[in-house]
Amino acid sequence: MSDFKKINQSLICAYQDKLNHDINFKTSQNALTNNHILDVVYNKNQEFKLKENFSNNTKMESTKITDQKNSGRCWIFATLNMIRDAFVKEYNLENFEFSQSYLAFYDKLEKSNWFLNKVIDFKNEPLDNIDLATILTNPVSDGGYFDMAKNLIAKYGIVPSYEMIDSFAAKNTNFLNKILDLKLKQAAKLIRSEKNLENCYVIKETCLSEIYKILVVTYGKPPEKFDIEISDKDKKSKVTKWNNITPQQFLKKINFNLDDYVTIVFTPFKKIMKNQIYEIEHTDFVAEKGNLNFLSVDKTTFNLMVLSMLLNEKSLWFACDVDHFFSKKKGIWDDKLYDFENFFDILFSDDISSLIEYRFVNSNHAMTLQGFDIDKENWKKFKKKFFEKNKKLNLDDFDKIIENFPIKKWNVENSWGDKDGNKGMYTISNSWFDKFVYEAIISKDNLKKFFNKPEFISTKEYELFHKNKKEKVNYYLNKYLNQGLSTKPIKLSLQDPFNKFKGSK
Amino acid sequence: MRKELSINNINSFKDQLDEKWVKKVSKILFNKQILDVCIDSKSSNTNYNVFNVDLIGLPVESIKNTDKCWIFALTDMMRDKIAKDLNLDNFVLSNAYLAFYDKLEKANYFLEIIIENIHLDLSDRLIQYFLNNTMSECGQWKMAVNLVKKYGVVPESVMKNTYHANNPYYVNYFLEWKLKEIAIFLSKKKSLDQYDLRVLKEEKMYEIYKILSIFYGDVPTIFDFEYSIEKKHIASEVDSPYAYKDFFKQYVIDKNLSPKSFFNKYVAIDFDDYVCIANYPNLCNDYFSFISYQHINNVIEFEPTTFLNLPLYVFKYLVIKEISCNKNPVWFGCDDSWFLDRINGVWNDNLYDLKSLFNLNFDMSKEDALNLKVSSVNHSMLLVGLNIKNQDLKALNEKTFLDLDTLKDAIKSLEIKSWKAQNSWGSYNGDWGYYTLSDSWFNKFGYQAIIKKSTINNMLRKMNLKTIDEMPTKTLDPWLEMGNIGNGHNM
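Remember, predicted model here, so these are calculated numbers, not experimental data.

Peer 1: Give me the interface of chain A and chain B: which residues, what numbers.
Peer 2: Residue-level contacts link 91 residues of chain A with 89 residues of chain B. Summed over both partners, the interface of chain A with chain B comes to about 8900 Å²; 66% of that surface belongs to carbon and sulfur atoms. There are 9 salt bridges connecting chain A and chain B. For the salt bridge of A:Asp351 with B:Lys188, the shortest nitrogen-to-oxygen distance reads 3.7 Å. The interface formed by chain A and chain B includes 39 residue pairs in polar contact (both at pLDDT 80 or more). Among the elements that take part in the side of chain A that touches chain B, helix H11 (residues 197-219) of chain A stands out by supplying 14 residues, more than any other.

Shown next, in the form of structure tokens:
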């Protein structure tokens, strides 16, 4: 062993000596003897900067904040918040909540089916096969993607929260997951020693029927038919009633076309190409729907699409890495909130692309975007200068508008109850958004509407972009969305560093 | 039924439900934790925490928000010896001191892996393993020993826990960030030779050392060891005009010790005398041989973690022998995630009747449970006692076993009620922090134990089997390890 590889005493002495000559070191060390680091590097100014109201806010005061408790169902909560917003607006309700545990129930059942399918597919592979080893690690964990929620809703419909209230196990999934894991692996054991493929599917079905039983008693039985009565918040007498409807029928009453929604991804990770569809291997959790995929876009397109939703008063599902620069109590994510570098007197890399590749940064939580705040003065100034100088604009100059739209911060609805943050609402600074938000859901239909009339510039200003409206809309839809959507999907393996963006916090 | 789950399938599941049963059980479970509602009333009436072999231990410690149970179990073993030797009622060693060096060594190990494999693709399984386990809290017996061997130990009074020594989340966060940054930096200098890369590593490691020092405080190098002994334990001629005799304590100071000289003087355990035995039935073809897991290590100049794999009955025999004959507490690795009654401090699989609740039995063999990742090693404690029929124990300790079959039969017929463990989860739960394990739980979820070499060799020699030094070693990849200690879910 070369001496150079190990840590020897003289090296430690040299480090210590260097530390002893560092005049700032002692202050930092003393500060942490009894304190949490986030408390001693907190930048109060930044909190004030982010405090004002939002210039664009889609969140309705009367809708209540939800709480996922000790479960990783954030992706279901964020999806249902988005659908709730559409439903509440359409029927002018005060508040409404869909049952998250209804979807979690079927999520566990479908994941169980998925797991057993994979065990059958991999039955002749050794157990240390890297994909199989990954599949065997917590196969029925809580995490998920928007498209999983979408597939579950399309298949099973949707029910009001009071028809299926969160049970203890729905709120605390830890031991339930272990029980399901054990049951599934007892079947996996049988499958791996079974020669006849047909018999494997029989084993699977028997196991799933047992899983179903466990789910029914832990989550409660999913309702099949129910009555609903909702009333207009302003005209109390205006009541809508549906009697004896199924979850699928209820879904149809809600004006929310799931198929219209696409997952878009912006990642600083350089190995992911832009304007390209990606498909994630082994994510066919709902078997008939196939693997999940997403459209990778550049930063301008990503912001444009997100804004197209919010400017048309639509809240949206998004996912990010919440582990960095966060104050839970204040409900703020902001990369300038803590002055780590000054405190340690050490620089920390913000090369996010490499940090994703090296698995330090990764999307892990889904929430609902409910608005943003812009610097109005700057926006006015920019527009004035921009449109004066450019009397005739190229279609591609539209990018410049997006790039210069001076967003200061974003308004976020979380599903961690109403105790933290601003009564359950959180703020994301724009620079944090650029670094750590990687995924969002947008409506194709809405994007078309947006290109007919972008809400942030006037009709007159929009006309300056050369070509007539129809051609313009087609050009933009093609440029920002359809071109990418028509690409041939590139497969991502289960081990890809960018793959693990499962929301689960 | 093939791949997809159809509505017909679900309807048939629904038809199979016993409505009466569903109604009842879903009510029971609506507001309650699963394990709380299936406690078998028969088993719960058995008294488990009385032991006829009982090595009285010290007051228990708490790992707080760290996952350093593997270090605590070792320091518990050492402080037990110091307290006994010096006649102290209690004595605590600094766990933060060892955690500091564990992190420093793990940082070096990670960067060495990066440097040695600088030309490997990032997607290589080894690199991926290290990117997923860059700065974990986890460890193994061998890793805790490595630290003590290289750096010695210090009393807790010399290096107290800072806030972040008890709550290391952000320590690990910044270390991981920094280490990955250094790894990225080094990979951009691929063209340099290994020597130059190591020069850069040493330069960069200063920042790691600095971060650690800021979080943990300064690490002691020379210190005075002070303690006081109660009068009843010391010679009667001590005379003091200032104190009542009964309350008098004798003050002792031992000056200018280094962590290593403290260890040599007050602990003086030769860890090379011990072997970590394991019961990994999924590697049953390798019983009576060593399994070495590459890179399951922290101190790079020492050998990686190695286990002597043994069948359960031999494993169990050695543990009983070590506790009851040699009176040594036994460092013990297990899976803490199944069947824990936290409040009473009991692990007992028979306590819970999942069968009548879910038609579910934990009837999976240990082999399958490990292979299919239903169970893994994730916690360690000290075994300090057991409840065994007296005549059984006597017979076991007096008899010389000449072959494995006789031993197997003897162990099978033993009546062991329970085991006593000194845990490191504070003194609020269990019997002042001491926990009880049922014997069937021990069989299913007990995986590792530390036994004196001489105890093992004595047994092997009488059976004319290969002794420890003659046994073969099989080397396996790090991702095949049966779990990391400290990866538990209960703290």
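Peer 1: Please provide a residue-by-residue account of unusual backbone geometry, values included.
Peer 2: One non-glycine residue with positive phi stands out, namely A:Arg359, at about 60°. Within the fold, A:Arg359 resides in the loop between helix H15 (352-357) and strand E10 (365-374). With relative accessibility at 13%, the residue A:Arg359 sits in the buried group. Positive phi outside glycine occurs at B:Phe288, with the angle close to 60°. Relative to the helices and strands, B:Phe288 resides in the loop between strand E4 (274-278) and strand E5 (289-293).

Peer 1: Summarise the environment of A:Tyr212; cite the residues concerned and give the values.
Peer 2: Within the secondary structure layout, A:Tyr212 lies in helix H11. For A:Tyr212, a relative accessible area of 0% translates into the label buried. Taking the C-alpha atoms as reference points, A:Tyr212 and A:Lys26, 186 residues apart in sequence, are found 59 Å from one another. In this structure A:Tyr212 touches A:Phe105, A:Leu109, B:Ile10, B:Phe13, B:Lys14 and B:Leu17, once residues within four positions along its chain are discounted.

Peer 1: Break down the pattern of salt bridges for me, with residues and values.
Peer 2: Residues and elements named next belong to chain A. Under the criterion given, the structure shown has 57 salt bridges over all chains. Between Glu 461 and Lys 383 there is a salt bridge, and its shortest N-O distance comes to 3.6 Å. You can see Glu 461 sitting in helix H20 (residues 459-463) and its partner Lys 383 sitting in helix H16 (residues 376-389), a full 78 residues away along the chain. Given the relative accessible area of 16%, Glu 461 is considered buried.

Definitions and limits used
Residues numbered from 1 in each chain as written. Chains lettered and ligands numbered in written order. Predicted model: local features only at pLDDT ≥ 70, side-chain atom pairs only at ≥ 80, totals over all residues. Heavy atoms only, no water. Contact = heavy atoms within 4.5 Å. Buried area = accessible area lost by both parts, 1.4 Å probe. Salt bridge = Lys/Arg side-chain N within 4 Å of Asp/Glu carboxyl O. Polar contact = N/O pair within 3.5 Å; in protein donor to acceptor, adjacent residues only side chain to side chain. Helix = DSSP H or I, 4+ residues; strand = E, 2+ residues; numbered from the N terminus. Buried < 20%, exposed > 50% of the residue type's maximum accessible area, 1.4 Å probe, protein only.

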